[in-house]
Amino acid sequence: MELLPRSPAEFGSARYWDRFFRQRGHRPFEWYGAFPELCPVLRKYVRPRDKVLVVGCGNSELSEQMYDVGMCEDIVNIDVSDAVILQMQERSGSKRPKMSYLLMDMLQMDFPDAHFQVVLDKGTLDAILTDEEEATLAKVDKIFAEISRVLQVGGRYICVSLAQAHVLKKAVEYFSQEGWVVRVHQASGSGDKQQFVLPVFVYIMTKFRKIPGSAPQILEICPEEQDKPMRVESAERLVAAVKDRQHYALLCSQLSKTPCGEQVSLDLCDKESGRPRYTLHVVDSPSVKPSRDNHFAIFIIPQGRETEWLFGTEEGRRQLAASAGFRRLVTVALHREQHYEGMAGIQAELSGKVMELAPPGLPARQQVPFLSVGGDIGVRTLWHRDTSPLSGEYVVEDVKGDGTCYFRRLIFLRNRNVVQSEARLLAPTPLPGHKKRRKDKKKPSPAEPPAAIDKSYLCCEHHKAMVAGLCLLGGPDPLPGAQLSVLVVGLGGGSLPLFVHDYFSQARVAVVEIDPSMLEVATRWFGFSQGDRMRVHVSDGLDYVAKLAAEAPAQYDAIMFDVDSKDLTVGMSCPPPAFVEKPFLQEVKTILKPEGVFVLNLVCRDARLKESVLATLREVFPLLYARRIEGEVNEILFCQPSPEGRRDPAELGTRARALEGALRQPGRPWDSSYVLADMLQAVKIL
């Protein structure tokens, strides 16, 4: 039986609705949102003594249910379909004496002005506003004017809708410009979920007398899970907030029916501030053999470890899900701006929400496990937060790594999932005869770091590779005692220049850093210091190199670029594009000694751009080696001005072992996991 219209325009036709209700018979037709889902919202805005007008009532049971539960009794229902009005008069009859059904068009109602406290519309506006043609919009304007006319000041127009963007935008703009307060609720359910995947919304437009001039608009949204409304600044933001909830509903519907081929990510935001509180990734592992207990699990990533390869990359999360043995794993990252009450608190907060992401086939009342590393949520201590005009907002924080180690990190919040600089902390050494108190409730002061920096440890794999590249320098045995002149562009936390300074005892290191805030951060929080062999120049690296090329060529044995790009729209985050343009690279070559090495940290996700950069480097430097950092986008490029020093990877490994042996001196700490030969044996010659 064909019940749907041939074209959307028929939704506004009385003739269509007569035919619809005759064919459907006496079965109630609920557009969307059954009474149990709508009742919590309606009770807030409909009082027992209110006179209520229901427009476009159809044969919905909504009015009858409101009457029967005592919500209100003085209800007038109108519709353009003669068939449905007769049907409803017969159905209600003497059972509800104070409720009436009238044949009437809401475009031209017979009621006097200010006659009702509530006008209720369930799906009628959606049925009429099917497009944004001029005639349709004019018709809706007339409907809104009639609703406004029959409502008292302080009365409410309650509109139940699927909130398509053009419908919501029209309603919000019209009534907010009239000086009404506009509030949008998300209903607690969506009625027939087979028919409507999208959530149901209820607009509450409260009539106020229009104030001459430009009175501020009051626009609010009440999400499903909370009563307290959130103020939004514009109609566009309100429409966007509703759209976010619609997208989430579509996502949940999709995830409940089929496994997701690609990983899905979403943020769950704090109710008060609106800031992200949790970042979720949904990872399906179809290869995992199904069993009763391995359908679904939640994995809480310990604070501060969300940037690790296993948790911060698609491949890492895929491996994590497979090793955990669940067909669907939801990883949960915790945000640094938020406070968490331990694993139990997180579980209580998330348990309802994550079940909306459950996979198809999850048995009823199946207990879903919450997993983590070591059973806790990790440790994150924020020491410093500031804003730099050049680098934007940044934080310095300590986090607990795998095992018992703690690390200090510098994070630029414009790219919060990337660790800009990292250093391992030394465990505090107790004084002789000092007994450690079991319970010391005194917290360390944020003004002073709690532990010293381990300067012997290079946290970043690309820094290890850059240091290993120094074995390319001339001479059969490159020794740490050689008189080296090194230029480092990009300070960060200072771990790279510090390592070169401390382990190459005769090296003179010049550092160029464009952001003076970073010099302050490195000095205060990362143990960096200047001296006779270490000087920092606060300058743009482009200008500094250009000036040296003009005044003092061929003075550096090694030049290292580890400088990030501030422009996130480019597919290359390190270095900025200007640093790999041919004229500038020629200036770099000019200040490099003939037997020297130029080491570049390249982070480029754009394959075409990367190939262009490599082609330019080959034009300037005849000898080019590349070392890809496993599990990262970073690729370290070793560039030399002369092809005569070409060495194969095996020879580079031998030279790296010789350099490492010289660096490992008695009494000097050395990280045993740092093997220089491993860094260079995997290079390829480009």
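Residues numbered from 1 in each chain as written. Predicted model: local features only at pLDDT ≥ 70, side-chain atom pairs only at ≥ 80, totals over all residues. Heavy atoms only, no water.

## Details of helix 10 (residues 314-324)
- Among the residues of helix 10, Gly 316, Arg 317, Leu 320 and Ala 321 are the ones counted as buried. For helix 10, the angular spread of the buried residues around the axis is 135°, confining them to a single face.
- With its phi angle positive at about 80°, Gly 325 sits one or two positions after the end of helix 10. (Buried < 20%, exposed > 50% of the residue type's maximum accessible area, 1.4 Å probe, protein only. Helix = DSSP H or I, 4+ residues; strand = E, 2+ residues; numbered from the N terminus. Arc of directions from axis to C-beta.)

## Observations concerning unusual backbone geometry
- Of note, the amide linkage connecting Cys 574 to Pro 575 takes the cis form, showing an omega dihedral of -5°.
- With respect to the secondary-structure elements, Pro 575 resides in the loop between strand 23 (572-574) and helix 16 (582-591).
- Of note, Ala 114 is a non-glycine position whose phi angle comes to about 50°, a positive value.
- Counting through the fold element by element, Ala 114 comes out in the loop between strand 3 (100-103) and strand 4 (116-122).
- Taking relative accessible area as the criterion, Ala 114 reaches 39% and is therefore assigned partly exposed.
- With a phi close to 50°, Ala 554 is a non-glycine residue in the positive phi region.

## Points about the pattern of salt bridges
- Scanning the entire structure with this criterion turns up 35 salt bridges.
- For Glu 233, the salt bridge goes to Arg 237, with nearest N and O atoms at 3.8 Å.
- The exposure class of Arg 237 is partly exposed, given its relative accessible area of 38%.
- Among the ionic pairs, Arg 336 bridges to Glu 306, the shortest N-O distance being 4.0 Å. Here Arg 336 is found in the loop between strand 13 (328-334) and helix 11 (342-354), whereas its partner Glu 306 is found in the loop between strand 12 (296-300) and helix 9 (309-312), with 30 residues between them in sequence. (Salt bridge = Lys/Arg side-chain N within 4 Å of Asp/Glu carboxyl O.)

## Thoughts on the confidence of the model for the protein
- Across the protein, the average pLDDT comes to 83, with 85% of residues at or above 70.
- Here helix 1 (residues 14-24) is the element of the protein with the lowest mean pLDDT, 48, and strand 1 (residues 52-55) is the one with the highest, 96.
- Below a pLDDT of 50 lies the segment residues 1-12, which in the model reaches 24 contacts outside its immediate sequence neighbourhood of four places, other chains included.
- Contacts of residues 190-195 to residues separated by more than four positions or lying in other chains number nine contacts, the stretch itself having pLDDT below 50. (pLDDT = per-residue confidence, 0-100. Contact = heavy atoms within 4.5 Å.)

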